[in-house]
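Summary of structural features
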Amino acid sequence: MSRARVPKRIFEVGEEPDPRFSLANERTFLAWIRTSLALLAGGVAVEVVSLDIAGELQLVAAVLLVLAGIGAALRAWFGWSRAERAMRLGEPLPSTVFEPLLVGLVAGAGLLLLIGTFLE
């Protein structure tokens, strides 16, 4: 008995790709999830650890890291699904604009923490 695979909008189109490509796509998904967890943990740590930094800058840096973590989790899902669907349909892999945004969020948080150390 064969189980239906979900999400249907991905698995019910096109042809089954080479399993190596699907497994590589899954590994990329898991790497983004690990990145998300690290960013979320970093954001929480920045907020709860007592740092010698101006309070508002510390809070904003923590929020930027948490937003980056949420974004990375969303990137994991949407990146996986778009790539899997493209492979099944024999289309080029989709591009993304998230990575520059992630760099900006993390760099912004780091810059705020650096500036905060000199203002305190």
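Before going into details, it helps to say that this report is about the structure given with it. (Residues numbered from 1 in each chain as written. Predicted model: local features only at pLDDT ≥ 70, side-chain atom pairs only at ≥ 80, totals over all residues. Heavy atoms only, no water.)

In this section: the side chain of S36. Within the secondary structure, S36 is located in helix α2 (residues 19-48). The exposure class of S36 is buried, given its relative accessible area of 4%. For S36, the residues in contact, after removing those within four places along its chain, are G69, A72 and A73. (Helix = DSSP H or I, 4+ residues; strand = E, 2+ residues; numbered from the N terminus. Buried < 20%, exposed > 50% of the residue type's maximum accessible area, 1.4 Å probe, protein only. Contact = heavy atoms within 4.5 Å.)

Quick look at unusual backbone geometry now. The residue after V6, namely P7, is reached through a cis peptide bond having omega 0 degrees. With respect to the secondary-structure elements, P7 resides in the segment before α1 (8-11).

Our focus in this paragraph is a nonpolar patch on the surface. Judged by side-chain polarity, L59, V63, L67, I70, L74, W77 and F78 come together as a nonpolar surface patch covering roughly 640 Å² of accessible area. Within the secondary structure layout, L74 lies in helix α3 (residues 55-89). (Patch = residues over 30% accessible without salt bridge, like charges linked within 9 Å, V, L, I, M, F, W, Y side chains within 5 Å. Areas by Shrake-Rupley, 256 points an atom, 1.4 Å probe, with all protein chains shown as cover. Salt bridge = Lys/Arg side-chain N within 4 Å of Asp/Glu carboxyl O.)

This part is about the pattern of salt bridges. Tallying each qualifying case throughout the model produces 4 salt bridges. Between E16 and R5 there is a salt bridge, with the nearest N and O atoms lying 3.0 Å from each other. Here the residue E16 occupies a position in the loop between α1 and α2, and R5 occupies one in the segment before α1, the gap between them amounting to 11 residues. Its relative accessible area of 48% is what places E16 among the partly exposed residues. Two residues, E99 and R75, come together in a salt bridge whose shortest N-O distance is 3.2 Å. Taken together, the residues span a long stretch of sequence, with E99 in helix α4 (residues 98-119) and R75 in helix α3 at a distance of 24 residues. Beyond isolated ion pairs, a larger network of salt bridges with shared partners links R5, E16 and R88.

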